Amino acid sequence: MVDAAKKAGDNIAKGAENAVDFVKTKTGLGGPAEGTDAGLAGIKDHMDVIASCGKKVGVVDHLEGSAIKLTKKDSPDGQHHFVPVAWVERVDRHVHLTKNSKETEESWKPDAASCGCSH
């Protein structure tokens with residue numbers, strides 16, 4: 001009986017892992033199907049920027065010094081915001097940040113110089 005319950009639990013856990021991988025693959029929000037990390041050189045204009053919690057926090061306008069300038073069109077307040085490239089965890093089809101959306105939105109800056117990111 002104990003072995004049967006353990007096996008059932010293992011099957012449920014494996015099914016949950018498969019479901020998570022499927023959702024990540026279909027939404028493009030992580031998972032093994034996204035490919036290898038392209039590094040900072042892989043950051044391109046118009047890429048989605050995804051916080052560590054999975055929420056989209058913006059779209060790359062372009063790189064400015066060591067900061068990612070986000071488009072104002074996709075901003076909650078209609079303004080450009082900047083995030084340091086130091087916050088980038090990995091780059092695949094999206095730019096993935098190490099900070100969650102709340103931390104990102106509380107810490108982004110109005111220009112590259114004010115976040116200490118400009119060259």
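Residues numbered from 1 in each chain as written. Predicted model: local features only at pLDDT ≥ 70, side-chain atom pairs only at ≥ 80, totals over all residues. Heavy atoms only, no water.

### Section: the nonpolar core
(1) Moving on: Of all hydrophobic cores here, the largest spans 16 residues; its most connected members are Ile 43, Val 49, Val 60, Ile 68, Val 88, Val 95 and Leu 97.
(2) Moving on: Setting aside residues no more than four positions away along its own chain, Val 95 makes contact with Ile 43, Met 47, Asp 48, Val 49, Ile 50, Val 60, Ile 68, Val 88 and Arg 90. (Core = buried A, V, L, I, M, F, W, Y, C linked by side-chain atoms within 4.5 Å. Buried < 20%, exposed > 50% of the residue type's maximum accessible area, 1.4 Å probe, protein only. Contact = heavy atoms within 4.5 Å.)

### Regarding the environment of Asp 61
(1) Moving on: Mapped onto the elements, Asp 61 comes out in strand β2 (residues 56-64).
(2) Moving on: For Asp 61, a relative accessible area of 22% puts it in the partly exposed group.
(3) Moving on: Linking Asp 61 and Asp 74, residues 13 residues apart in sequence, is a C-alpha distance of 9.9 Å.
(4) Moving on: In contact with Asp 61, not counting residues within four places along its chain, are Asp 45, Lys 69, Leu 70, Thr 71 and His 80. (Helix = DSSP H or I, 4+ residues; strand = E, 2+ residues; numbered from the N terminus.)

### Some words on the environment of Ser 52
(1) Moving on: Relative to the helices and strands, Ser 52 resides in the loop between β1 (48-50) and β2.
(2) Moving on: Excluding residues within four positions of it along the chain, Ser 52 makes contact with Leu 97, Thr 98, Lys 99 and Asn 100.
(3) Moving on: Looking at Ser 52, its side chain comes within polar contact range of the main-chain nitrogen of Asn 100, at 3.1 Å. (Polar contact = N/O pair within 3.5 Å; in protein donor to acceptor, adjacent residues only side chain to side chain.)

### Remarks on the packing of aromatic side chains
(1) Moving on: One pass over the structure, following the stated rule, counts zero aromatic pairs.
(2) Moving on: Here the basic side chain of Lys 99 rests over the ring of Trp 87, its NZ or CZ set 5.1 Å away from the ring centre. (Phe/Tyr/Trp six-rings, centres within 6.5 Å; stacked < 30°, edge-to-face > 60°. Lys NZ or Arg CZ within 6 Å of the ring centre and 35° of its normal.)

### Quick notes on the pattern of salt bridges
(1) Moving on: Tallying each qualifying case throughout the model produces six salt bridges.
(2) Moving on: With a shortest N-O distance of 3.3 Å, Lys 56 and Asp 48 are connected by a salt bridge.
(3) Moving on: Since its relative accessible area comes to 39%, Lys 56 is described here as partly exposed.
(4) Moving on: Residue Asp 48 is classed as partly exposed on the basis of its relative accessible area of 22%.
(5) Moving on: Between Lys 73 and Asp 74 there is a salt bridge; the shortest N-O distance is 3.7 Å.
(6) Moving on: Classification of Lys 73 as exposed rests on a relative accessible area of 71%.
(7) Moving on: Each member of the salt-bridge network shares a partner with another, and the members are Glu 89, Arg 90 and Asp 92. (Salt bridge = Lys/Arg side-chain N within 4 Å of Asp/Glu carboxyl O.)

### A look at the pairing of β2
(1) Moving on: Both β1 and β2 contribute to a ladder of three bridges, which runs antiparallel. Residue Ile 50 lies in a different strand from β2, and its bridge partner there is Lys 56.
(2) Moving on: Bridge count for β2 against strand β3 (residues 67-70) is four bridges, and the pairing is antiparallel. Paired with Leu 63 across the two strands is Ile 68, which belongs to β3.
(3) Moving on: The hairpin turn running from β2 into β3, its antiparallel successor, is two residues long, and Gly 65 in that turn takes a positive phi close to 65 degrees. (Pairing = 2+ DSSP bridges.)

### Some thoughts on unusual backbone geometry
(1) Moving on: We note that His 46 has phi near 75 degrees; this positive angle belongs to a residue other than glycine.
(2) Moving on: Positionally, His 46 belongs in the loop between α1 (2-27) and β1.

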